[in-house]
Amino acid sequence: EVTARCYLSPFSSSKSWISTRSIPLEGRNILLMGPPGAGKTTVGRIVAHRLGLPVIDVDDDVLEMTWKMPVAAKLASVGGERFLEEEGQALCNFSASGCVVSLTGSNPLHSEAMQHVRQTGLVIYLDVDSEDIIQRLTRMKVNRIVGQEAGVSMRDILKYRKQFYEKWLDVRVLCGTGDTVEEVAEKVLKAVERYQNHAAETYVSTRCANVRSSNQKTHFSDVVVEGLATDGGLYVPKNGFPRIDAREWLRLAGMSYPERALVLLEKCIHPLDVCALDLRTMAFKAYGSNFSSEAVAPVKHLNHNQYVQELFHGPTASFKDLALQLMPQLFAYCLPPMCNYLILVATSGDTGSAVLSGFSRLSGTDRHRTGMLIQKLQMTSYREGNARAVSVQSDFDFCQRTIKRMFGESGLTGHLAVEYGTVLSTANSINWARLLPQVVYHSSAYLDLCRDGVIKFGEPIDVCIPTGNFGNAMSAVYAKQMGIPIRKVICASNHNRIITDFITTGEYDLRGRTLMLSQSPAIDILKSSNLERFIYHVSDGDGCLVKDLFTRLDRQQHFQVPEPLLGRIQQEVLAGWCSEDDCLAAIQSVHRQTGYVMDTHTAVAKVVADRLQDGLCPVVLCSTAHYGKFAPAVFKALQIRNIPEDPVEQLRKLGSTASRPEMHRDMMTCLRESSRRRHTVCQAEYSVLVEEVENMIQDSFLKVM
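- Going by the annotation in an unreviewed UniProt entry, the name recorded for the protein chain is Threonine synthase like 1, with Lates calcarifer given as the source organism.
- The UniProt entry for the protein chain carries this comment under Cofactor (unreviewed entry): "pyridoxal 5'-phosphate".
- Reading the Pathway (unreviewed entry) entry of the UniProt record for the protein chain gives the comment "Amino-acid biosynthesis."

If you want it as structure tokens, here you go:
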């Protein structure tokens, strides 16, 4: 066994911003991993000094001690393949504790060695930009690294090695382009502190009266499973979102969508809630071949300063796929052992099919759990197995109100838990795991514009979002909080203009107001749940105010925010609404001018952006659904006659009319399946729906007995 030499760092004794006591290492090592030229040795010495810990450099203090010769000489004498094996064996015999250890760039290529050292501590991956690495190696006169064969470029070998670093990391330190070793060391210290301080990364209800004095420790895994807070509020991060600096955003601009998603999610989900390797698996499964576009959520130029972010390339051609291809995986991961769950979903449009698609991709024991949709009569998808669709003779607001009431009745939830071992949760955007992935695509839209040279990082954009339940708009607000330079979030309503009226006047008034059906059904909503998160945000976390306002809304169907708060609301968002005629006219006009066919929801955003956006910066329209999902309205808008009766033939005819975007590859299949599905129709009575929920659980319970 090799016991390495341990050195106290020789760096100056300036007082650190972080004390050793604040990081209870408990004898574990801090293992710095990364490619050659990442600065592991220097960063290790700085970190060790700041924490008052011994420092070990594997090259100098393990390998050279073992081999009794310089590392370069060993490599020259045995060759690359034999070197990797002997290096790995030397690391397998390594023993140390309570040290900062700088691994070699090639250590992660030896699985047995990494399994051994990983047991001794926390593996921190210095994720340094390849161009920075190449520049450093050039200055060091290094033109080849271990494993680099003749004819293979440095850039290619670094790309190849990345998979091994991703495999072993516990925590990623994303290094911005041009970061100095001192800046990287600061990031390492913060990453270690965050890892050790899991207890601080908690969530609170929007109706929590005193956040600071609250003793309840609710972590990410808790909020994913619970969905709704016990006091009826919505969960939000107690300390808000992490702020990302410009150089890190620039790194993300060069990454693929799943890579961007992974890094952003890592920053928002503590690794003790979801470990890095599992989160990577989830992200790449969520945003892979199941999307018809490799870009996942591409941004296309429409006209003038307007761009469209196409959020409809997922399996159900809806923006909700961006969240619901990931959320079920997070849910299954966080669920306690030996526990069934029942997913309750209210939908007026796309949510039901997106939930079915996401949960159907779960494998293993997940098939024994049950899913349940409570929906409008309009949406009647049914899938055999673990899901059932129930059409309700009412509207979205009734369905959502019913779900919240079920969550709030301890007698019902307790009965289901005791009798059937079943937990209620939700896949609507009131669930934090549903909302969080949406932050990724708003960030990605801005990064695409930077990558394509439309803007430089730091220059503002506006986003215009078809808005009903406010989840999509709220996720844009959160992207701004993370550092994306969004100037205004523009909320676009159809003739159910409750959000527009509220943002204009500060008054939320449901008295005597009835829901009007529209050609943009996904935003046919009067009671907007995520508005609660927005008011919590703009009121600086005033849970008492939020509780008072929404209790009043439940009881009196009305509230008015104070004038100063209205001013803050209007600083963050703008809002406008669009008539049915203007919606169809916009579809026709854009198609005539550009050949692009919008769906009805995107058209609502286009109309409102034309009215409210000043043209001083680019504006991204969120295209939340493929036009093929709303074929009758699009035919009407384009004034196309002789419409086929068969929905599949309708899509073919529409596809031949539109030059862009192309017809969604999964649309035909979805329509054929939908025509064969059956569903239950229920009256809009709470007791009837409770009975339907229990029947569903009983059926599933009997299947697994």
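1. So, the overall build of the protein chain
- Per the secondary structure count, the protein chain includes 29 helices and 23 strands.
- Burial analysis of the protein chain (705 residues in total) assigns 59% to the buried set.
- At a minimum sequence separation of 6, the contacts of the protein chain that also span at least 24 residues come to 75%.
- Counting every atom, the protein chain has about 28200 Å² of accessible surface; 50% of that belongs to carbon and sulfur.

2. Some details on the packing of aromatic side chains
- Applying the stated criterion across every chain yields a total of 19 aromatic pairs.
- Seen from their ring centres, Phe-470 and Phe-534 are 5.2 Å apart, and the 45° between their planes marks the pair as tilted. With Phe-470 in the loop between strand E17 (461-466) and helix H19 (471-482) and Phe-534 in helix H21 (residues 531-538), this pair connects stretches of sequence that are 64 residues apart. In terms of burial, Phe-470 and Phe-534 fall into one category: buried.
- Taken together, the aromatic side chains of Tyr-203, Phe-220, Phe-241, Trp-432 and Tyr-478 make up a single cluster linked through ring pairs.
- Seen from the ring of Tyr-686, Arg-405 lies directly overhead, with NZ or CZ sitting 3.7 Å from the centre.

3. Looking at the side chain of Asp-524
- If you trace the backbone, Asp-524 turns up in the loop between strand E19 (507-509) and H21.
- Here Asn-494 takes part through its side chain, which lies 2.9 Å from a polar atom of the side chain of Asp-524.

4. Remarks on the sheet that holds strand E12 (residues 306-310)
- With mixed pairing, the 6 strands of this open sheet are ordered in space as E11-E12-E22-E17-E18-E21. Taken across any chain shown, the strands that pair with only one partner, and hence form the sheet edges, are strand E11 (299-303) and strand E21 (573-577). Adjacent strand axes in the sheet meet at a mean angle of 25° when their direction is disregarded.
- With 4 bridges joining them, E11 and E12 adopt antiparallel strand pairing. Counterpart to Lys-300 in the pairing with E12 is Val-308.

The rules behind the values
Residues numbered from 1 in each chain as written. Predicted model: local features only at pLDDT ≥ 70, side-chain atom pairs only at ≥ 80, totals over all residues. Heavy atoms only, no water. UniProt positions renumbered as here; feature names shortened; annotations may be inferred. Helix = DSSP H or I, 4+ residues; strand = E, 2+ residues; numbered from the N terminus. Buried < 20%, exposed > 50% of the residue type's maximum accessible area, 1.4 Å probe, protein only. Contact = heavy atoms within 4.5 Å. Areas by Shrake-Rupley, 256 points an atom, 1.4 Å probe, with all protein chains shown as cover. Phe/Tyr/Trp six-rings, centres within 6.5 Å; stacked < 30°, edge-to-face > 60°. Lys NZ or Arg CZ within 6 Å of the ring centre and 35° of its normal. Polar contact = N/O pair within 3.5 Å; in protein donor to acceptor, adjacent residues only side chain to side chain. Pairing = 2+ DSSP bridges. Axes fitted to C-alpha atoms, helices over the stretch in contact; angles between N-to-C directions.

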